[in-house]
Amino acid sequence: MRHTPLGALQVSAQGLGCMSMSEYYGRSDWDRALLTVRRALDLGVTLLDTADIYGAGHNEVLLGRAIADRREDVVVATKFGIDRSAGDHRRRVRGEPDYVRRCCDASLLRLGVEHIDLYYLHRPPQDVELAETVGAMAELVAAGKVRHLGLCEVDADQLRQAHAVHPIAAVQSEYSLWSRGVEAVVPAMAELGVGLVPYAPLGRGFLTGKVDPGSLRENDSRRTHPRFQGDHAATNRRLAETVGTLAAQMGITGAQLALAWVYARSRQLGISAAPIPGTSSPEHVAENVAALTVPLDDTVLARLDPLAREVSGERHGALQAVRPLAEL
């Protein structure tokens, strides 16, 4: 397992996204989820990613149980800020200092840890200025409850504003062959020494070629994602087939090629990256980690580079988007 810096924090070059173990992608299985986390740790994965909204706290409790006897092996990353208490259709992003402190204490309790290694603001707040929220997060660092700070889905100006209040270790944003918008923020990240934590590096599973949009369970949130629907899905299936064909020619899987692209592209951009592919399968963890050994030459990268321009549909559905405060 290679390691990479996120600011001053050292983590495994690949992490594990734990969200799907509790919600969003269909039925969850507690025992299988525990096996998946432990398999990741055995393979050298140290960065484990969760959030307080995943399963309404269930995911943090699960992760805490999974690492209880291996805390020193783990970089625990969790997030706060998205308030779903009024329902997903009216969720909002909060950042007032009292709320920040309450969220942190609640996450510490559910995780069963004395400190959070990497604490993210899940989205820029709608109710207060970003600097006020980051200032409250900085107080958590001073109190020893949090070690490093991160932000999710921010632009370059927001990153600079936050970094001026307290050093930011990482930006977590969607990043993959079909979602490259965060590359606009990369110059600021490189300037400030901030690492990238790509979530959904496999296109929410679409790029693996193993997901049939027409067969998703009723409680699978991908049913509401435009890219998994109708004509969009048909267009995007051709993109996934291109990835799968090229991967087969290389003797690897589509998932491994998609992850290898993230590593190669981040090196081109001059930033450190630790993607967090999500899975609840011990077998898929091993498959994903193997992508760290896949080299991509310029010819392969040139074939993959245009794919983002072929993607059809917005990356978020109505339930996933955070609405402007004025509309709430």
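The structure this text deals with has already been given above.
For the structure given in this document, a descriptive report is provided here. Here the residue numbering is sequential within each chain, running from 1 through the sequence in written order. pLDDT decides what is reported in this predicted model: residues at 70 or higher carry local features, side-chain atom pairs at 80 or more are listed and counted, and totals for whole chains, interfaces and linings draw on all residues regardless. With hydrogens and water excluded, all non-hydrogen atoms of the structure serve as input to the side-chain values.

**Here we look at unusual backbone geometry**
Stated precisely, the cut-off is as follows: Counting from the N terminus, the helices are the DSSP runs of H or I reaching at least four residues and the strands are the DSSP runs of E reaching at least two. Remark: exposure states derive from per-residue accessible area (1.4 Å probe, protein chains only) relative to the maximum for the residue type, with buried under 20%, exposed over 50%, and partly exposed in between.
Positioned with a positive phi, Ala 200 is a non-glycine residue whose angle comes to about 50 degrees. With respect to the helices and strands, Ala 200 occurs in the loop between strand E11 (195-199) and helix H7 (230-250). Using a relative accessible area of 15% as the deciding quantity, one classes Ala 200 as buried. Although it is not a glycine, Arg 204 adopts a positive phi angle of roughly 55 degrees. Looking at Arg 204, the relative accessible area reads 11%, which means it is buried.

**Some points on the pattern of salt bridges**
Note the cut-off: One speaks of a salt bridge when a side-chain nitrogen belonging to Lys or Arg is within 4 Å of a carboxyl oxygen belonging to Asp or Glu.
Scanning the model with the defined rule gives 16 salt bridges in all. Linking Asp 105 and Lys 145 is a salt bridge whose minimum nitrogen-to-oxygen distance equals 2.8 Å. Taken together, the residues Asp 105 in helix H3 (residues 97-111) and Lys 145 in the loop between helix H4 (130-142) and strand E9 (146-152) connect sequence positions 40 residues apart. Given the relative accessible area of 37%, Asp 105 is considered partly exposed. Look at Lys 145 and you get partly exposed, because its relative accessible area is 28%. A salt bridge links Arg 180 to Glu 183, with the nearest nitrogen and oxygen atoms 3.2 Å apart. Accessibility assignment for this pair places Arg 180 and Glu 183 in one class, buried. Residues participating in the shared-partner salt-bridge network are Arg 180, Glu 183, Arg 265 and Asp 305.

**A short note on the layout of surface pockets**
Unoccupied space between atoms shows up once a probe the size of one water molecule is rolled over them. This is how the line gets drawn: Every definition here rests on a 1 Å grid over the protein atoms only: cavities are sets of points where a 1.4 Å probe fits but cannot get out, pockets are open sets enclosed by protein on both sides within 12 Å along at least five of seven lines, and lining residues have some atom within 4 Å of a point. Grid points are joined across faces, edges and corners, and a volume is the space filled by probe spheres set on the points. Just so you know the grouping, Ala, Val, Leu, Ile, Met, Phe, Trp, Tyr, Cys and Pro go in nonpolar, Asp, Glu, Lys and Arg go in charged, and all remaining residues, Gly too, go in polar.
In this structure, the second largest pocket spans a volume of roughly 160 Å³. Contributing to the lining of the second largest pocket are Glu 153, Val 154, Asp 155, Ser 173, Glu 174, Ser 179, Arg 180, Gly 181, Val 182, Val 185 and Arg 315. For the lining of the second largest pocket, the class distribution of residues is three nonpolar, three polar and five charged.

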